[in-house]
Amino acid sequence: MTHETMTPSLKPAQSLEAGRPHELVLVMDFGSQTAQLIARRVREQNVYCQLVRHDLAIERIRQLNPKGIILSGGPASVYETGAPLPDPAIFELGVPILGICYGMQLACRALGSPVSPGQVREFGKTPCCLVTANPLFAGVPQEFTVWMSHGDQVQNLGDQFTALAATEDCPFAAVKHHTRPIYGLQFHPEVTHTEHGGKLLGSFVKTICGCRGDWSMSSFIERQVVDLRARVGTSRVICGLSGGVDSSVVAALLYRAIGSQLSCIFVDNGLLRSGEAEAVRTRFGDHFQVDLHVVDAREQFLRELADVADPQQKRKIIGRVFIDVFRKEAESIPDARFLAQGTLYPDVIESGADPDGPAATIKAHHNVGGLPAELGFELIEPLRDLFKDEVRALGLELGLPDAMIWRHPFPGPGLAVRCLGAICPARLETLRQADAIVIDELRKSGLYRKVQQAFAVLLPVQSVGVMGDFRTYDDTVAVRAVQTEDFMTADWYPIPYDVLQRISTRITNTVRGVNRVVYDISSKPPSTIEWE
Ligand code: XMP
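All residue numbers refer to positions counted from 1 along the written sequence of the respective chain. Confidence filtering applies because this is a predicted model: local features only for residues at pLDDT of at least 70, side-chain atom pairs given and counted only at 80 or more, and all residues used for totals across whole chains, interfaces and linings. Neither water nor hydrogens contribute to the side-chain values; these are computed over all heavy atoms in the structure.

**Here we look at the confidence of the model for the protein**
A score between 0 and 100, pLDDT records how confident the predictor is in each residue. Confidence along the protein averages 92 in pLDDT terms, with 94% of residues attaining 70 or more. Whether two residues touch is decided by their heavy atoms; if any such pair falls within 4.5 Å, the residues are in contact. Residue range residues 1-18 is modelled with pLDDT below 50. Its contacts to residues more than four positions away, or to other chains, number 27 contacts.

Rendered as structure tokens:
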């Protein structure tokens, strides 16, 4: 492999400006469940948007120079003592403001319109009617359905605001200030149950804030290429590949930026699904010709896991061995200075890592497959501004195949937590074959993308069966398929009977040692997605 073949073709860097795009919309978070969703919806309009604390200092807001500000909803009441409030100077900035639900109430109250508990609380889908024409509602029909979720409401508009839309119980479902570019929506345009919600947010950021829409994954690549090259200089970057979407996209992006200065490490822990190691090798080793280090650590992992049945113990061992193996391989790569990781924007927000962002939210999360800070590298996190759907779009733009982009998430401890009880190579192979059949049948029936996670589980249960003239006493495989938004809650997915039948027949006919297939019809909570 020569350096010429490894260097990717790049557009000239001089014409590009490093850093973030110019157009920025801020979403101030007042504790809403849907604050991240607002930011995602704005980004769908090709406008860059950042989630910030509700009490961000006015000086900092001026410095960020947003083209618009959106005030999110929130669980508090604006008239309570201690209710979260923004710096009132935001209303004097002259920057367009859109208040949503609680955000509308606090904007109205700050400008003189009283808010109190409504006569009727509105929850769920509600018919809404436009009462005054306004560019905010361009392309929205006179009557449409909105998603409401409020007990409080603005009682009267005084002489400051005009009503733009109304529902039966809420005469001020949408409002506009007479003289300032300040708008309010009592309903939630960010949720899909609100008809034309995306269009409405689009009109706000484009028509009212005047954003052109300079946020796209191709412009992101251009900016990142410049940034990454400047940051890395002539050093070497190590990237741990897991086969998942995030690490694959990080590697493809870095490869585009620094080509032969990138080294990828892929650890084969013997707990992977069928074809996974090959897919990584083909894509990164053959196609991109990255300096790819595939470490065959199967024996070491399986040796350390022998006779371990406790799931948390399995996780601990896998985490420790992974760090050990990764560290050794990284040390063998000379001049490595940086370590690239696939941290995403929600991780940054939820961990409270952004000084402008909202406070950290405590979220139980699994920590296997992570690398400790003390490995001694400087961290590079090129996806830390992106939501998952943007990472997928970026991956496609970088030429990664659909199968990699849409791959269901796979836990760090891999098949170890789907092979219940103690693990051995034979049981893992049984599970691997059964799992491949589940995935193959879902793909063939067009269901793979309808569910967010699907897999087989090998149970530590033998039962009696009959095959030909023989009695068998063999293993049981469970099939799991779930639909979920955030993996914190999940619904079991009703795979059609004919697909289940094909899965069951293929498994019992072709996977040796399995004579029974069961279907998991439990949601989370009370179950979890994984069985261990
Ligand atoms: P549960 O089973 O808790 O899973 O409902 C929620 C999501 O987390 C994944 N998961 C893990 N991911 N290491 C990981 O990297 C782990 O130990 C782990 N355990 C569960 C699971 O696959 C699902 O997507």
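**Considering the packing of aromatic side chains**
By convention, a stacked pair of Phe, Tyr or Trp rings (six-membered ring in the case of Trp) has centres within 6.5 Å and planes under 30 degrees apart, an edge-to-face pair has planes over 60 apart, and any other such pair is tilted. Scanning the entire structure with this criterion turns up 11 aromatic pairs. Where F322 meets F326, the ring centres are 5.8 Å apart and the plane angle is 35°; that geometry is what we call tilted. Residue F322 and its partner F326 are located together in helix α10 (residues 311-331), separated by 4 residues, close to a single helical turn. In this structure, F322 and F326 share a single accessibility class: buried. Under the DSSP-based scheme used, a helix requires at least four consecutive residues in state H or I and a strand at least two consecutive residues in state E, with every element numbered from the N terminus. The classification of residues rests on relative accessible area computed with a 1.4 Å probe and restricted to protein chains. Under 20% of the type maximum is buried, over 50% is exposed, and intermediate values are partly exposed.

**Let's talk about the sheet that holds strand β12 (residues 291-296)**
We treat two strands as partners when DSSP finds at least two bridges between them. In space, the 5 strands of this open sheet follow the order β12-β11-β10-β13-β14, with parallel pairing throughout. Each edge of the open sheet is held by one strand with a lone partner, namely β12 and β14 (378-380). Shown here is a sheet whose adjacent strand axes are inclined to one another by a mean of 30°, direction ignored. Summarising the sheet, strand β10 (residues 236-241) and strand β13 (residues 336-340) pair through 4 bridges and their orientation is parallel. Looking at the pairing, C239 lines up with A340 of β13. An axis is simply a line fitted to the C-alpha atoms; with a helix, the fit covers only the stretch in contact. Between two such axes, the angle follows the N-to-C directions and lies from 0 to 180 degrees. Sitting on the sheet, helix α8 (residues 276-287) touches β10, β11 (262-268) and β12, and the angle it makes with β12 is about 160°.

**Topic: the sheet that holds strand β2 (residues 48-53)**
Strand order across the open sheet formed by 9 strands is β2-β1-β3-β4-β9-β8-β7-β5-β6, with mixed pairing between neighbours. Every interior strand has two partners, whereas the edge strands, β2 and β6 (143-154), have only one. With strand direction ignored, the average angle separating the axes of adjacent strands in the sheet is 20°. Across the sheet, helix α2 (residues 35-43) touches β1 (24-29), β2, β3 (68-71) and β4 (97-100), and the angle it forms with β2 is around 160°. Helix α4 (residues 102-110) contacts β3, β4, β5 (115-130), β6, β7 (161-166), β8 (174-177) and β9 (182-185) of the sheet and is inclined by roughly 60° relative to β6.

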